Structure formats: C-alpha cells, structure tokens
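Remarks on the overall topology
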Amino acid sequence: EPHLFSSRKSVLRARFSAVSPAALLGALKTLGEPDVRLAAAVDARQELDLRLGVAWTRYLTRRLAGRFGALRGCLVSYGPCQTPALGFVVRRDHERRSFTPHPHWAVEVELA
C-alpha cells in the first residue's frame, strides 16, 4: 500500500479526465478520498507509457534515420504525453499569432 494512504494527514484527490478550466474547477468541487486501486492503475499506465515510449523511440529513430538522411544521427522521440502537450503549445501559438491588439485608454485621477 502506498505511503500516501498511511499518512496521518488528510489527503483528498481531484478526479478529472480533461485539462480544461471547466473540468479542473469541477474536480476541485468534488474532491474525494484517494483510491488505492486507481493509484495502482496510474502507476501501471505510467510504466506502460514509459516502455512504449522507449520502444517506439528506438524503432522510429532507426527506421526514419534509414529513410531520411537528414535524420541520421538524430533522435526521433515518441511519448503518449507529447502529442497533447504539443497540441497545447500549437494552440497557444495560434492564439498569440492571431491576437489583434485594440487601443485602450488609461485614466489617471489625482484628487486634491
């Protein structure tokens, strides 16, 4: 049993399946007791992601370096978390590039 559950301190867990403001705020409103089975499932998923990432990185690096000379000597990395993380970066870049500044006014008042 993980050390977290044997602690004397009160620990609550937020459960969410999307990283959006609505999902996170909803999870914070419904905090619950940690579940040992869910924690074990998270550990298994992390282990699987690591093993899969290592295997696919090795395969892609060897396969693509042989097909595309420009990739010779480069590492082609794969990870299940990289795609969503890249999506966040691309979305933010798109927001930044499409931003249209609007003039605004600042009013300063001095009371005597």
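Residues numbered from 1 in each chain as written. Predicted model: local features only at pLDDT ≥ 70, side-chain atom pairs only at ≥ 80, totals over all residues. Heavy atoms only, no water.

What about the side chain of Thr61?
One can find Thr61 in helix 2 (residues 36–67). Classification of Thr61 by relative accessible area gives buried; the value is 16%. At 2.7 Å, the side chain of Thr61 and the backbone oxygen of Thr57 are in polar contact. If we skip the residues at most four places from it in the chain, Thr61 touches Cys74, Leu75 and Val76. (Helix = DSSP H or I, 4+ residues; strand = E, 2+ residues; numbered from the N terminus. Buried < 20%, exposed > 50% of the residue type's maximum accessible area, 1.4 Å probe, protein only. Polar contact = N/O pair within 3.5 Å; in protein donor to acceptor, adjacent residues only side chain to side chain. Contact = heavy atoms within 4.5 Å.)

Description of the packing of aromatic side chains
Tallying each qualifying case throughout the model produces 1 aromatic pair. Consider the rings of Trp56 and Tyr59, whose centres lie 5.3 Å apart with planes at 90°: the pair is edge-to-face. With a gap of 3 residues between them, Trp56 and Tyr59 both fall in helix 2, about one helical turn apart. A relative accessible area of 44% means that Tyr59 is categorised as partly exposed. (Phe/Tyr/Trp six-rings, centres within 6.5 Å; stacked < 30°, edge-to-face > 60°.)

Section: a nonpolar patch on the surface
A surface patch of nonpolar side chains, amounting to about 390 Å² of accessible area, comprises Leu12, Leu25, Leu28 and Leu31. Within the secondary structure, Leu12 sits in the segment before helix 1 (21–29). The class for Leu12 is partly exposed, based on a relative accessible area of 47%. (Patch = residues over 30% accessible without salt bridge, like charges linked within 9 Å, V, L, I, M, F, W, Y side chains within 5 Å. Areas by Shrake-Rupley, 256 points an atom, 1.4 Å probe, with all protein chains shown as cover. Salt bridge = Lys/Arg side-chain N within 4 Å of Asp/Glu carboxyl O.)

So, the pattern of salt bridges
Per the stated rule, a full pass over the model turns up 7 salt bridges. In this structure, Glu47 engages Arg51 in a salt bridge whose closest nitrogen and oxygen atoms are separated by 2.7 Å. Highlighted residues: Glu47 and Arg51, both in helix 2, separated by 4 residues, approximately one helical turn. For Glu47, a relative accessible area of 36% puts it in the partly exposed group. Note on Arg51: relative accessible area 56%, which makes it exposed.

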